[in-house]
Amino acid sequence: MTTPSPMPDQNGHVADAVAGNWVDHYAPAFSRPYLRLSRADRPIGTWLLLLPCWMALMLAMLHDGRASLHDLWIFIGCAIGAFVMRGAGCTWNDITDREIDAKVERTRSRPIPSGQITVKGALAWLVLQALIGLCVLLTFNLNAILLGVISLVPVAIYPFAKRFTWWPQMFLGIAFNWGALLAWTAHTGHLELPAVILYLAGIAWTLFYDTIYAHQDTEDDALIGVKSTARLFAENSGKWLFGFLVLTVLLMAFAVVQATIDQSPFALLVALGGPWAMGLHLHWQLRQLDTNDMPLLLRLFRSNRDAGLIPLLFFACALFL
């Protein structure tokens, strides 16, 4: 399809922003382009970055049977970190993708291709967000800090993945679920097998939801030569998504077993309900899937916030058993 030259609407709204979002209605006018650059008007990404952190923290507390006020700070610190580091990652992504975004209908209204922010301004905003994230990270133990620093490698690589592999969603999963490793280590002081298994489950989940998301852009991506699992799987996407669903549930269940094997059997049973209930939600998404219905694809993608909250509820209940 032919894409017109990138032109923002008169208010600078981004095409796929949440209707009635707080940025467009309540944020000071000078801050709106920067908040849009950070996707603050599209909070689903922050949730998807944060939920693996909270899952890992809950499992870590189940694993050793203790919780403290410091865990409350880890809980809050992960939320702050997810917000600013998701913003920093999106800023970096939009800097590197500005020419591609200008050619795609859904993304050409973003702040850089639409001219609301210069590249220099975006770089300054990136640094500010990263510094806030660093301040949070430095409140954790040394091993967690080291993991946080290492996480910058997949974050830096991800925006380029769509240029050299059909699996950029895998790279997103590697970057987006790193918080599972970090939050577990922030609680226990060291990395253990349950956190690694949960991390792998998160990657499978990311392949599920981001393939759905990528189906919005398959036509434009094909024209400009951008790769994605949505283009790779094409009409077979449903079968692949089912495979990612099963892998997510099995790996998360294995992580739960590894984390709670020495605890109350009732806690184990309740915690195991989390991945299975999450799997039911993912199956519901799969049954609704129509890769030609763009509004539906976006709704299904956003519904993964609820999918990720489900196991958290089960893990929280298991803490009291």
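Refer to the structure presented above.
Note that the structure is predicted; figures quoted are calculated from it, not measured. (Residues numbered from 1 in each chain as written. Predicted model: local features only at pLDDT ≥ 70, side-chain atom pairs only at ≥ 80, totals over all residues. Heavy atoms only, no water.)

**Some thoughts on the overall build of the protein**
Of regular secondary structure, the protein possesses 17 helices and 0 strands. In terms of overall size, the protein behaves like a compact globule, its C-alpha atoms giving a radius of gyration of 19 Å where 321 residues would be expected to give roughly 20 Å. With the C-alpha coordinates of the protein rotated into their principal frame, the extents come out at 60 × 45 × 35 Å. Residue burial in the protein is summarised as follows: out of 321 residues, 54% are buried. With 21 positive and 22 negative side-chain charges, the protein shows a spacing of 4 Å between the two charge centroids. (Helix = DSSP H or I, 4+ residues; strand = E, 2+ residues; numbered from the N terminus. Rg over C-alpha atoms; globule rule 2.2 N^0.38 Å. Buried < 20%, exposed > 50% of the residue type's maximum accessible area, 1.4 Å probe, protein only. Lys, Arg positive; Asp, Glu negative; His and termini not counted. Charge placed at Lys NZ, Arg CZ, Asp CG, Glu CD.)

**Things to note about the environment of M252**
Summarising the element assignment, M252 is placed in helix α14 (residues 237-260). Linking M252 and M55, residues 197 residues apart in sequence, is a C-alpha distance of 9.9 Å. Apart from residues lying up to four places away in sequence, M252 is in contact with M55, L198, A201, P275, M278, P311 and F315. (Contact = heavy atoms within 4.5 Å.)

**Looking at the layout of surface pockets**
To find the voids left in a structure, one rolls a probe of water-molecule size over its atoms. Reported here for the second largest pocket is a volume of approximately 170 Å³. Together, A15, D16, E105, R106, Q216, D217, M294, P295 and L298 line the second largest pocket. Per-class residue counts for the lining of the second largest pocket are 4 nonpolar, 1 polar and 4 charged. (1 Å grid on protein atoms, 1.4 Å probe; cavity = no way out; pocket = protein on both sides within 12 Å on 5 of 7 lines; lining within 4 Å. Points joined across faces, edges and corners; volume = space filled by probe spheres on them. Nonpolar A, V, L, I, M, F, W, Y, C, P; charged D, E, K, R; others polar.)

**Concerning the packing of helix α4 (residues 69-96) against helix α8 (residues 152-164)**
In contact at an axis separation of 10 Å, α4 and α8 are set at 35 degrees when each is read in the N-to-C sense. In this structure, α4 crosses over α8, and the sense of that crossing is right-handed. On α8, the residues that touch M85, G89, W92, N93 and T96 of α4 are L152, V155, A156, Y158, P159, F160, K162 and R163. A breakdown of the residues in the contact of α4 with α8 according to their chemical character gives 8 nonpolar, 3 polar and 2 charged. (Axes fitted to C-alpha atoms, helices over the stretch in contact; angles between N-to-C directions. Left-handed = near helix turned anticlockwise from the far one by under 90°.)

**Section: the packing of α14 against helix α15 (residues 265-288)**
Relative to each other, α14 and α15 sit at 170 degrees, their axes nearing to 9 Å. The orientation of α14 relative to α15 falls into the category roughly antiparallel. Note on element contacts: α15 touches α14 through L268, A271, L272, P275, W276, M278, G279, L282, H283 and L286, opposite G238, L241, F242, L245, T248, V249, L250, M252, A253, V256, V257 and T260. Of the residues that constitute the contact of α14 with α15, the class distribution is 17 nonpolar, 5 polar and no charged. (Parallel < 35°, antiparallel > 145°, perpendicular 65-115°, else oblique.)

**Comments concerning unusual backbone geometry**
Of note, R39 is a non-glycine position whose phi angle comes to about 65 degrees, a positive value. Here R39 shows up in the loop between α2 (32-37) and α3 (44-64). In this structure, A234 takes a positive phi of about 50 degrees despite not being glycine. Within the element layout of this structure, A234 appears in the loop between α13 (229-233) and α14. Relative accessible area serves as the criterion here: at 30%, A234 is assigned to the partly exposed category.

**A closer look at α3**
Relative to the 30 Å expected for 21 residues at 1.5 Å per residue, α3 spans 31 Å between its end C-alpha atoms, a close match to the ideal helical length. Maximum bend of α3: about 25 degrees, positioned at L50, with proline P52 one to four residues after it. Counting buried positions over the 21 residues of α3 gives 18, a clear majority of the element. Immediately beyond the C-terminal end of α3, within one or two residues, lies G65, with a positive phi of roughly 65 degrees. (Expected span 1.5 Å × (residues − 1). Bend = angle between axes of the 7 residues up to and from the residue.)

**As for the nonpolar core**
Nonpolar side chains tend toward joint burial in soluble globular proteins. Formed by 73 residues in total, the largest nonpolar core has its most connected members in M55, L59, F140, L198, W205, F208 and F315. Among the elements that make up this core, the one with the highest residue count is α3 (15 residues). Look past the residues within four positions of F140 in its chain and what remains in contact with it is W73, I74, I145, L182 and A186. Membership of the second largest hydrophobic core comes to 5 residues, among which are L37, I95, I112 and A122. (Core = buried A, V, L, I, M, F, W, Y, C linked by side-chain atoms within 4.5 Å.)

**Brief notes about the environment of L309**
Inspection of the secondary structure assignment puts L309 in helix α17 (residues 304-318). Considering only alpha carbons, one finds L309 and L59, 250 residues apart in sequence, at a separation of 14 Å. Not counting the four nearest positions on each side in its chain, L309 is found in contact with W47 and L51.

**Quick word on α15**
Counted at 1.5 Å a residue, the expected span for α15 with its 24 residues is 34 Å, and the 36 Å between its end C-alpha atoms agrees. Of the residues flanking the start of α15, the one acting as N-cap is S264, its side-chain oxygen 3.1 Å from the backbone nitrogen of F266. (Polar contact = N/O pair within 3.5 Å; in protein donor to acceptor, adjacent residues only side chain to side chain.)

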